[in-house]
Amino acid sequence: MKRLIIRKKSRKNFLTYGIVVAAYVALMAVMAAGAMPSAIQGLLVPMCAYIIAAVSLNLTVGVLGELSLGHAGFMSVGAFTGCTAAMALANSGMPSWGRMAAAVVVGSLLAAAAGALVGVPVLRLQGDYLAIVTLAFGEIIKTVVTNLYIGIDPQGLHFGFLKPDIGLGKGGKMIVNGPNGISGIEKISTLTAGFLIILLCLVVIFNLVDSRSGRAIMALRDNRIAAESVGINATKYKLMAFVLSAAMAGAAGALYALSQNTVTASKFDFNTSILILVFVVLGGLGNMLGSIVAATVLYILPETWLRQFSDYRMLIYAVVLIGMMLVTNSQKVRTLLGKLLPQKKTKEKEGQGDA
Amino acid sequence: MVFLSFVNNLINGISLGSVYAIIALGYTMVYGIAKMLNFAHGDIIMVGAYMCFFACTGFGLPPVLGILTAILVCTVLGILIEQLAYKPLRQVTSLAVLITAIGVSYFLQNAAQLMWTSNPRIFPALFGNGGIQLGGELTIPYKTLVTICACVVIMVGLILFTGKTRTGKAMRACSEDKDAAQLMGINVNATISLTFAIGSALAAVAGVLLCSAYPKLIPTTGSMPGIKAFTAAVFGGIGSIPGAFLGGILLGIIEIFSSAYLSTELANAIVFLVLIVILLVKPTGLLGKKIREKV
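No experiment lies behind these values; they were computed from the predicted model shown.

**Observations concerning the overall build of chain A**
Turning to step 1, where the next piece is worked out: Assigned secondary structure in chain A consists of 14 helices and 3 strands.
Turning to step 2, where the next piece is worked out: Since a compact globule built from 355 residues should have a radius of gyration of about 20 Å, the 21 Å found for chain A is in line with a globular shape.
Turning to step 3, where the next piece is worked out: Principal-axis analysis of the C-alpha atoms places the extent of chain A at approximately 70 × 55 × 40 Å.
Turning to step 4, where the next piece is worked out: Counting the 355 residues in chain A, one finds 51% classified as buried.
Turning to step 5, where the next piece is worked out: Of all intrachain contacts in chain A linking residues separated by at least 6 positions in sequence, the fraction that spans at least 24 positions is 73%.
Turning to step 6, where the next piece is worked out: Working note: accessible area of chain A is about 16200 Å², and carbon and sulfur atoms make up 63% of it.
Turning to step 7, where the next piece is worked out: Looking at charge distribution, chain A has the averaged site of its 30 positive side-chain charges lying 9 Å from that of its 15 negative ones.

Here it is in structure tokens:
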């Protein structure tokens with residue numbers, strides 16, 4: 001029985017890998033044939049970044065069962081530190097893929113550090129504190145980055161806070177310019193890199209979920225008291241999942257920033273966090289493939305064909321959040337839906353629905 | 001001169017803190033009884049402020065009627081939200097309820113944006129522009145006095161209500177143990193609805209007071225004070241009525257002082273830093289009780 005379950009699970013994992021690889025091959029083929037509309041071409045790398053962010057938030061929400069409302073904050077940390085790293089290395093003679101990789105690594109490491117900073121005080125508590133603290137964290141990051149000034153000159157990096165005068169020497173150049181953010185970014189992130197990071201994140205998450213640690217994390221999600229009573233260290237495992245999730249969000253941020261001309265702190269605000277949450281909720285909690293599909297569709301559609309509805313977009317997202325929760329959790333709403341669609345069997349979703 | 005500005009800042013801090021305290025009281029009531037974080041609370045503040053604005057400027061009603069309109073609309077809205085969105089989720093995980101609450105908050109914000117646009121409206125000075133002279137150059141504006149008095153009255157009223165009346169006792173019973181309360185013949189659903197009604201009415205009052213002090217009214221007016229008031233509720237100890245009051249006042253003072261003496265830009269960040277430090281040092285808050293978990 002156990003082996004059967006594992007086999008079924010890994011089949012689903014391989015399906016997810018397969019779909020991602022197939023999508024990559026298809027996109028590359030279309031681009032090689034020159035049939036890709038230029039409006040979409042520029043959206044592909046940001047789309048990868050949003051997919052990574054969605055998958056990483058799904059690790060927190062779906063697998064760990066906690067809510068992070070500051071995921072855009074972690075993306076912001078990754079974006080600004082990663083971009084700074086890439087620009088600091090601009091004259092080092094490194095190839096562009098090397099600088100991009102360095103940016104992603106630096107971005108995810110610092111985002112992980114930020115995740116640990118937030119997670120340590122909060123994750124040992126019970127209740128909904130993580131949601132509000134991550135929300136607060138997102139605001140703090142926005143304030144900090146808006147007042148941050150970083151420049152580079154032959155002596156190295158110069159940092160300033162609240163005041164733009166950071167004493168740059170001759171030949172110096174501002175990198176992070178307070179409220180104006182970073183401008184003149186060299187667009188070095190590529191679609192291939194985006195897909196490689198998506199695959200890497202999927203490998204990490206699937207292997208974590210199927211490991212001893214992953215089972216501990218999910219046990220904590222389902223019943224914290226029972227899990228602690230069999231000796232699972234709640235803080236440790238929760239922190240493990242949360243920091244990992246923050247690191248992936250940081251990588252997404254770095255990837256995103258390096259595909260844009262300019263990034264400002266206000267790009268990564270509460271609305272962005274909610275957008276990523278909508279991807280996760282619509283794709284299904286704990287369902288990575290769902291997150292990927294939801295992020296792809298909901299990122300590409302409003303930017304291209306559904307622009308005329310842009311006023312109603314946020315309102316629709318709100319309705320999606322409420323509606324999905326009611327449909328998947330409320331017995332009453334489910335029976336009502338069951339009556340409306342008699343041919344479709346309502347199946348209990350994995351990992352949720354049990355009180 | 002330094003002393004005068006200090007006293008002025010203190011008064012401003014207490015005034016802002018009183019608004020936070022009123023919002024935090026609503027948060028704490030709902031959290032204590034429904035055990036859920038009502039994210040939409042901040043947006044009900046915004047709806048209340050808009051209602052009062054339209055009643056007073058659009059229909060030319062006197063301020064008292066304007067405030068009553070706001071209270072009425074928000075109470076109905078609060079009950080409606082509870083019935084439609086939260087009640088079907090009474091038995092499920094807190095994660096689902098939390099996501100729903102965020103959805104409701106986002107819905108209210110964007111519906112307001114569509115209906116009333118994001119152009120700022122200037123809230124009328126409901127309590128006049130004058131103030132009481134307190135010797136020398138120190139004046140306390142009427143709006144500040146009204147805010148502080150309203151906050152104290154509401155807190156004392158809530159303490160008496162939950163302590164002395166039958167309905168209040170039913171509320172406390174529900175917050176202790178819902179199943180046991182039901183067995184004692186308490187209508188748990190009605191009690192939870194009543195809590196939402198009270199919380200939303202308080203939000204309406206807070207909205208009017210907030211916009212009297214800071215007259216710029218936009219669809220996101222309520223979200224930041226809402227989050228800060230939650231911080232205040234945690235600061236004072238969530239679930240405790242005097243705690244919400246104390247936390248609100250302290251947080252208001254901290255915010256005004258940090259923007260006056262440290263940096264205006266960083267005031268928000270400092271307030272949230274307080275939240276993180278409290279959760280690190282004393283997660284139960286200043287006046288909160290340690291809740292033991294039962295299986």
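**As for the pattern of salt bridges**
Residues and elements named next belong to chain A.
Turning to step 1, where the next piece is worked out: Considering all chains together, one arrives at 7 salt bridges over all chains under this definition.
Turning to step 2, where the next piece is worked out: Between Arg99 and Glu186 there is a salt bridge; the shortest N-O distance is 3.0 Å. Separated by 87 residues along the polypeptide, Arg99 in helix 5 (residues 96-123) and Glu186 in the loop between strand 3 (173-177) and helix 7 (191-209) bring together distant segments of the chain.
Turning to step 3, where the next piece is worked out: Classification of Glu186 as partly exposed rests on a relative accessible area of 45%.
Turning to step 4, where the next piece is worked out: Lys142 is the partner of Glu139 in a salt bridge, and the nearest nitrogen-oxygen pair spans 3.9 Å. Taken together, the residues Glu139 and Lys142, both in helix 6 (residues 129-146) and 3 residues apart, mark about one turn of the helix.

**Topic: the packing of helix 4 (residues 71-88) of chain A against helix 6 of chain A**
All names here are of chain A.
Turning to step 1, where the next piece is worked out: Between helix 4 and helix 6, the least distance of the axes is 8 Å, while the angle of their chain directions is 30 degrees. Taken together, helix 4 and helix 6 sit at an angle that is classed as roughly parallel. Here helix 4 contributes Gly73, Phe74, Ser76, Val77 and Phe80 to the contact with helix 6, which in turn contributes Phe137, Gly138, Ile141 and Val145.
Turning to step 2, where the next piece is worked out: Among the residues forming the contact of helix 4 with helix 6, the class breakdown is 6 nonpolar, 3 polar and no charged.

**As for the state of the cysteines**
Turning to step 1, where the next piece is worked out: Under the defined criterion, the tally for this structure stands at 0 disulfides over all chains.
Turning to step 2, where the next piece is worked out: A:Cys48 carries a free sulfur, and the closest cysteine sulfur to it, the one in A:Cys201, is 11 Å from it.
Turning to step 3, where the next piece is worked out: Given the relative accessible area of 0%, A:Cys48 is considered buried.
Turning to step 4, where the next piece is worked out: Distance from the sulfur of B:Cys56, which forms no disulfide, to the nearest cysteine sulfur (B:Cys52) is 4.0 Å.
Turning to step 5, where the next piece is worked out: For B:Cys56, a relative accessible area of 13% puts it in the buried group.

**Brief notes about the confidence of the model for chain A**
All names here are of chain A.
Turning to step 1, where the next piece is worked out: Here chain A shows a mean pLDDT of 85. Residues at 70 or above account for 93%.
Turning to step 2, where the next piece is worked out: Here helix 14 (residues 331-340) is the element of chain A with the lowest mean pLDDT, 74, and helix 10 (residues 234-257) is the one with the highest, 94.
Turning to step 3, where the next piece is worked out: Low pLDDT (under 50) marks residues 344-355, which in the prediction has 11 contacts with non-local residues, meaning those over four places away or in another chain.

**Quick word on the domain arrangement of chain A**
Residues and elements named next belong to chain A.
Turning to step 1, where the next piece is worked out: Split into domains, chain A comes out as domain 1 (2-33 + 43-305) and domain 2 (314-355).
Turning to step 2, where the next piece is worked out: For domain 1 and domain 2, the distance between their C-alpha centroids amounts to 29 Å.
Turning to step 3, where the next piece is worked out: Taken together, the 10 residues of domain 1 in the interface contact 7 residues of domain 2.
Turning to step 4, where the next piece is worked out: The junction of domain 1 with domain 2 conceals about 940 Å² of combined surface from both sides, 74% of it contributed by carbon and sulfur atoms.
Turning to step 5, where the next piece is worked out: Three residues stand out in domain 1 for area buried against domain 2, namely Val278, Val281 and Leu285, and they jointly supply 44% of the buried area on that side.
Turning to step 6, where the next piece is worked out: Put simply, domain 1 and domain 2 have 0 salt bridges between them.
Turning to step 7, where the next piece is worked out: Where domain 1 meets domain 2, there are 0 residue pairs in polar contact (both at pLDDT 80 or more).
Turning to step 8, where the next piece is worked out: Elements represented by at least two residues in the side of domain 1 that touches domain 2 include exactly helix 11 (270-283) and helix 12 (288-304).

**Some remarks on helix 13 (residues 310-329) of chain A**
Turning to step 1, where the next piece is worked out: Its 20 residues place the ends of helix 13 of chain A 29 Å apart at the C-alpha level, agreeing with the 28 Å of an ideal helix rising 1.5 Å per residue.
Turning to step 2, where the next piece is worked out: All buried positions along helix 13 of chain A are accounted for by A:Leu315, A:Tyr317, A:Ala318, A:Leu321, A:Ile322, A:Met325, A:Leu326, A:Thr328 and A:Asn329.
Turning to step 3, where the next piece is worked out: On its buried side, helix 13 of chain A packs onto helix 11, helix 12 and helix 14 of chain A together with helix 3 (63-86) and helix 4 (94-116) of chain B.

Calculation rules
Residues numbered from 1 in each chain as written. Chains lettered and ligands numbered in written order. Predicted model: local features only at pLDDT ≥ 70, side-chain atom pairs only at ≥ 80, totals over all residues. Heavy atoms only, no water. Helix = DSSP H or I, 4+ residues; strand = E, 2+ residues; numbered from the N terminus. Rg over C-alpha atoms; globule rule 2.2 N^0.38 Å. Buried < 20%, exposed > 50% of the residue type's maximum accessible area, 1.4 Å probe, protein only. Contact = heavy atoms within 4.5 Å. Areas by Shrake-Rupley, 256 points an atom, 1.4 Å probe, with all protein chains shown as cover. Lys, Arg positive; Asp, Glu negative; His and termini not counted. Charge placed at Lys NZ, Arg CZ, Asp CG, Glu CD. Salt bridge = Lys/Arg side-chain N within 4 Å of Asp/Glu carboxyl O. Axes fitted to C-alpha atoms, helices over the stretch in contact; angles between N-to-C directions. Parallel < 35°, antiparallel > 145°, perpendicular 65-115°, else oblique. Nonpolar A, V, L, I, M, F, W, Y, C, P; charged D, E, K, R; others polar. Disulfide = S-S within 2.5 Å. pLDDT = per-residue confidence, 0-100. Domains from an automatic or database assignment. Buried area = accessible area lost by both parts, 1.4 Å probe. Polar contact = N/O pair within 3.5 Å; in protein donor to acceptor, adjacent residues only side chain to side chain. Expected span 1.5 Å × (residues − 1).

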